[in-house]
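Coordinate analysis (summary)
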Amino acid sequence: MKRIICLLLGICFLLSACTRRDPASDVLKPDPQATPSDGFYDAQTVLSGGTPMTGMNLRKVNVSRTAEGETDVEILFVDGSDLMDIPEADTPDVPEYSTDWYEGADRFILRLNGVLYWDYLLDLPDTQGTDLQGMFSIRSDEAEGSLFILHLSRTMDYSLKAEKNRLMLRFRPVEEEQDNYSFLYIGGYEDYYPRVSAELGELGFAPSLCADGSSTVLLSVPFADEKQAELYLQGNESRISSLLPGLTASVQTFPSNRLPEYTKESGLDHLAQTVMALKSGEPASEIMIERGGFLCHLPDGSGYLYTKDLVRRTEEEELYQELRIHTEERDEPVLDQFEFLSVSSAQCSADGRYAALTEQTLFRQELSVVSLGNGEVYSPMEDGMEGSVSYFVWDAGKPVLYAFLRTEETLSLMAYDLTEPEHPAVSTIASDFWEESPLYFVDGQVWTIQRDDSGMQRVCAVQPGKGTRTYREEAYALTMSPDGKTCASLRNDGEGNTVLTFSAAATGRFESQTEGIEWIDMAWDASGEYLYGTALGDDAGWDDEYPLNLFRIDPRDGSVTSWMKVRTGALYTGAESGEVWMIYIFTVRDQPVTMTYKLS
């Protein structure tokens, strides 16, 4: 990694009075001081320095409070990144920087050049009792420089010095009267910033952390009241729209020593309005769950379970998911003090007492069972089901869960019995399966796909009590209708064609079939009348905004109708007949944001 070596023995600070752009005459701004007082500068005084470098890593941030009530922030830079398997090494200097201060939510800015990695750790308990409310980074290109933004609890004077590869900041409170100010704020800007950062700066906008400690919005300079903010918005609305198409600015009023509240309008409204499907060229989708992924319906149809994506502001800014239940009467967490890393699937027991779910961890998929009544969490692994669990299904008449369990030696079909919740029972139904496939429970049997020693794959129904099996047609995948009456299976005809076959689950009687379409995913209509499937159609390409076709298949005659053009292939059964649900995962500031949409 090439680096320009600094030959200077010291760092020369370039001091200048801040020349902030003034977007409106009624904007509240203090006059900057150009000279230090006792080594401290007015927040708006610009200091700059450092050495031109590339590939730097803002590795760590230490925060502490002095005996005089001042706040110290020490920032460490290194070369390389252990997290990216690039050996780290100390550097003789800090990268190029300059300071800035934005009115409103009291933001102190470090504009940094040459920083490629942002592996900094922050021990949040160390910030307690200090004037630091939070921090975040906005990564930019080398020309614009990246932003490292510190949110303070009030207006502060500051001092700054560099010691080798460390920047040492000290903030001293300034006496001031706090008042309510009005701001324009805009969410969803990440896709456009920093490409239009200069233009947004001319309009008085800069990124700001929100009160939830993780979300960010664009926040304007403060205005005296909402009327002034609205007037400024009216005069600049067309320019804002041209810079940030699809986003809107709103007005929020709060004290300058607080962070703005995170709201739908300020954060994810533009994602919620993303069109997932087109029917006859017209939008055919609407948001159902914001920042969350649908998991499964409640057995009585009164609601559903879903996960909500959250961020914990700890040393490593951990992402986690909260399990929630939604009905017409409530929308709340299922558990008070239990969370998950990445829930991949869930299903409720027939009586509605339990929900089973799989969580993708670093080494395996772990199965958990949650009591929806008292919030108790059961761990089948601790009760004897040690291994990775992929697919599972509940018994239709009793609280027994059937699941595929993979260990190093075997793939087994297991039973987890909660008939006596105080003493869960684990048993093996069969241990000679070759591969995992979704499980269904119909007519007292567990249905799946089994491959025999010869490699043939067939639909297989297993009797849990006896372990005996009944085999049906050759197939490599199947899906059962919600009423358990119709089995849809996929097979290859030996000539490279995929055949979709419908048969009666109770008798195995052939009903219809269709071929010639390479299906990506399928989901039944809530009524069981139709099956929906996604595939790359004749008129679709992967470079299209809507690369897939959503088809509606009639099991009675196997007829296939092109229904919509869609963005993604994963389908879920909707709550009502004639609707399909889809999950789409966006990336915002390098974090996944899950949204669930309804198509109809």
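Sequence order as written defines the numbering, with residues in each chain counted from 1. Per-residue local features are limited, in this predicted model, to residues with pLDDT of at least 70; the limit for side-chain atom pairs, both in listing and counting, is 80 or more; totals at the level of whole chains, interfaces and linings are taken over all residues. To obtain the side-chain values, all non-hydrogen atoms of the structure were used and water was disregarded.

1. Quick word on the environment of Leu 599
Note the cut-off: Put simply, DSSP H or I for four residues or longer makes a helix, DSSP E for two residues or longer makes a strand, and each gets a number counted from the N terminus. Contact between two residues is taken to exist if any of their heavy atoms lie within 4.5 Å; hydrogens are not considered.
Along the chain, the position of Leu 599 falls in strand 45 (residues 591-599). For the pair Leu 599 and Gly 578, spaced 21 residues apart in sequence, the C-alpha to C-alpha distance is 8.6 Å. Dropping the residues within four chain positions of it, Leu 599 is found in contact with Met 276, Ala 277, Ala 284, Ser 285, Leu 550, Met 564, Val 566, Gly 578, Glu 579, Val 580 and Met 582.

2. Description of the pairing of strand 38 (residues 510-515)
The line we're drawing: Paired strands, as defined in this entry, are two strands with at least two bridges between them according to DSSP.
Both strand 37 (residues 498-504) and strand 38 contribute to a ladder of five bridges, which runs antiparallel. Directly across from Val 499, in strand 38, lies its bridge partner Glu 515. Where strand 37 folds back on strand 38, the antiparallel hairpin that results is connected by five residues, among which Gly 508 adopts a positive phi of roughly 80°.

3. Looking at the pairing of strand 9 (residues 146-152)
Using the following cut-off: Partly exposed describes any residue whose relative accessible area lies between the buried limit of under 20% and the exposed limit of over 50%, with all areas from a 1.4 Å probe on protein chains only and scaled to the type maximum.
The buried fraction of strand 9 is high, at seven of seven residues. Burial along strand 9 is two-sided: Ser 146, Phe 148, Leu 150 and Leu 152 and Leu 147, Ile 149 and His 151, pointing in opposite directions, are all buried. As defined by bridge partners, strand 6 (residues 107-112) adjoins strand 9 across six bridges and the pair is classed as antiparallel. The residue bridging Arg 111 from the neighbouring strand is Leu 147, located in strand 9. Pairing of strand 8 (residues 132-138) with strand 9, which is carried by six bridges, proceeds in the antiparallel orientation. By the bridge assignment for strand 9, Phe 136 is matched with Ile 149.

4. Comments concerning the nonpolar core
In plain terms, the rule: We define a nonpolar core as any set of buried Ala, Val, Leu, Ile, Met, Phe, Trp, Tyr and Cys residues linked to one another through side-chain atoms lying within 4.5 Å.
Of all hydrophobic cores here, the largest spans 37 residues; its most connected members are Ile 138, Ile 186, Tyr 193, Leu 200, Phe 205, Leu 218 and Leu 244. Counting only elements with at least two residues in this core, the list comes to strand 8, strand 9, strand 12 (180-186), strand 13 (205-209), strand 14 (216-220) and helix 2 (226-243). Apart from the residues within four sequence positions on either side, Leu 200 is in contact with Tyr 193, Phe 205, Leu 218, Leu 243 and Leu 244. Listed in part, the 31 residues of the second largest apolar core include Val 94, Tyr 97, Met 135 and Leu 160.

5. Some words on the pattern of salt bridges
Put simply, the rule reads: Salt bridges, as used here, are contacts in which a Lys or Arg side-chain nitrogen is within 4 Å of a carboxyl oxygen on Asp or Glu.
What the rule picks out here adds up to 19 salt bridges. One salt bridge connects Arg 353 with Asp 351, and the closest N-O pair in it is separated by 4.0 Å. Note that Glu 436 and Arg 406 form a salt bridge whose closest N and O atoms lie 3.2 Å from each other. Separated by 30 residues along the polypeptide, Glu 436 in the loop between strand 30 (425-430) and strand 31 (440-442) and Arg 406 in strand 28 (residues 400-406) bring together distant segments of the chain. Its relative accessible area of 30% is what places Glu 436 among the partly exposed residues. Classification of Arg 406 as partly exposed rests on a relative accessible area of 34%. Through salt bridges with shared partners, a single network forms among Glu 70, Asp 72 and Arg 170.

6. Comments concerning helix 2
Condition: Note on bend: at a given residue it equals the angle between the axes fitted to the 7 residues ending there and to the 7 starting there. We define a polar contact as two N or O atoms separated by no more than 3.5 Å, with the added condition that, inside protein, one atom must be a possible hydrogen donor and the other a possible acceptor, whereas residues neighbouring each other in sequence contribute only through side-chain atom pairs.
Of all the bends found along helix 2, the most pronounced is centred on Asn 236 and spans about 60°. Listed as buried for helix 2 are Ala 229, Tyr 232, Leu 233, Asn 236, Ile 240 and Leu 243. Residues of helix 2 that are buried sit in contact with strand 12, helix 1 (197-202), strand 13 and strand 15 (250-255). Two to three positions downstream of the cap, the backbone nitrogen of Lys 227 sits 3.2 Å from a side-chain oxygen, assigning the N-cap of helix 2 to Asp 225.

7. So, the sheet that holds strand 25 (residues 365-371)
Pairing in this open sheet of four strands is antiparallel, and the strands run 23-24-25-26 from one edge to the other. One side of each edge strand has no neighbouring strand; the edge strands of this open sheet are strand 23 (343-348) and strand 26 (377-378). Note that strand 25 and strand 26 share two bridges and pair antiparallel. If you follow Val 370 over to strand 26, its bridge partner there is Val 377.

8. Considerations on the environment of Glu 68
Structurally, the position occupied by Glu 68 is in the loop between strand 2 (56-65) and strand 3 (71-81). The spatial distance from the C-alpha of Glu 68 to the C-alpha of Arg 172 is 9.0 Å, given a sequence separation of 104 residues.

9. Overview of the side chain of Thr 479
Note on placement: Thr 479 falls in strand 35 (residues 477-480). Of the polar contacts made by the side chain of Thr 479, one reaches the side chain of Trp 524; its length is 3.5 Å.

10. Remarks on the confidence of the model for the protein
Let me state the cut-off plainly: For every residue, the predictor assigns a confidence score, pLDDT, that lies between 0 and 100.
Mean pLDDT for the protein: 84, with 87% of residues reaching 70 or above. Per-residue pLDDT, averaged within each element of the protein, yields its smallest value for helix 3 (residues 264-267) (52) and its largest for strand 31 (95). Under a pLDDT of 50 for its full length, residues 1-34 has, in the predicted model, 73 contacts with residues more than four places off or in other chains.

11. Overview of the side chain of Ser 489
Within the secondary structure, Ser 489 sits in strand 36 (residues 486-492). For Ser 489, a relative accessible area of 2% puts it in the buried group. Polar side-chain contacts of Ser 489 include one of 3.1 Å to the side chain of Glu 473. The contacts of Ser 489, once residues within four sequence positions are left out, are Val 459, Glu 473, Ala 475, Ala 477, Leu 478, Val 499, Leu 500 and Thr 501.

12. What to know about the sheet that holds strand 41 (residues 548-553)
Taken in spatial order, the six strands of this open sheet run 17-16-42-41-40-39, and their pairing is antiparallel. Each end of this open sheet is capped by a strand with a single partner; those strands are strand 17 (282-283) and strand 39 (519-524). Pairing of strand 40 (residues 531-535) with strand 41 involves five bridges; the strand directions are antiparallel. Note that in strand 41 the partner of Thr 534 across the bridge is Leu 550.

13. So, unusual backbone geometry
In this model, Lys 164 sits at a positive phi of 55°, which is unusual for a non-glycine residue. Following the sequence through the fold, Lys 164 ends up in the loop between strand 10 (156-163) and strand 11 (166-173). For Ser 280, which is not glycine, the phi torsion reads 55° and is therefore positive. Counting through the fold element by element, Ser 280 comes out in the loop between strand 16 (277-279) and strand 17.

14. Here's the deal with the packing of aromatic side chains
Selection rule: Any two rings among Phe, Tyr and Trp, with Trp reduced to its six-membered ring, count as a pair given centres within 6.5 Å; such a pair is stacked if its planes are under 30 degrees apart, edge-to-face if over 60, and tilted if neither.
For the structure on display, the rule yields 21 aromatic pairs. When the ring of Phe 108 is compared with that of Phe 171, the centres are 5.1 Å apart and the planes differ by 80°; the resulting orientation is edge-to-face. Note that Phe 108 is positioned in strand 6 and Phe 171 in strand 11, a separation of 63 residues in sequence. Judged by relative accessible area, which is 1%, Phe 171 ranks as buried.

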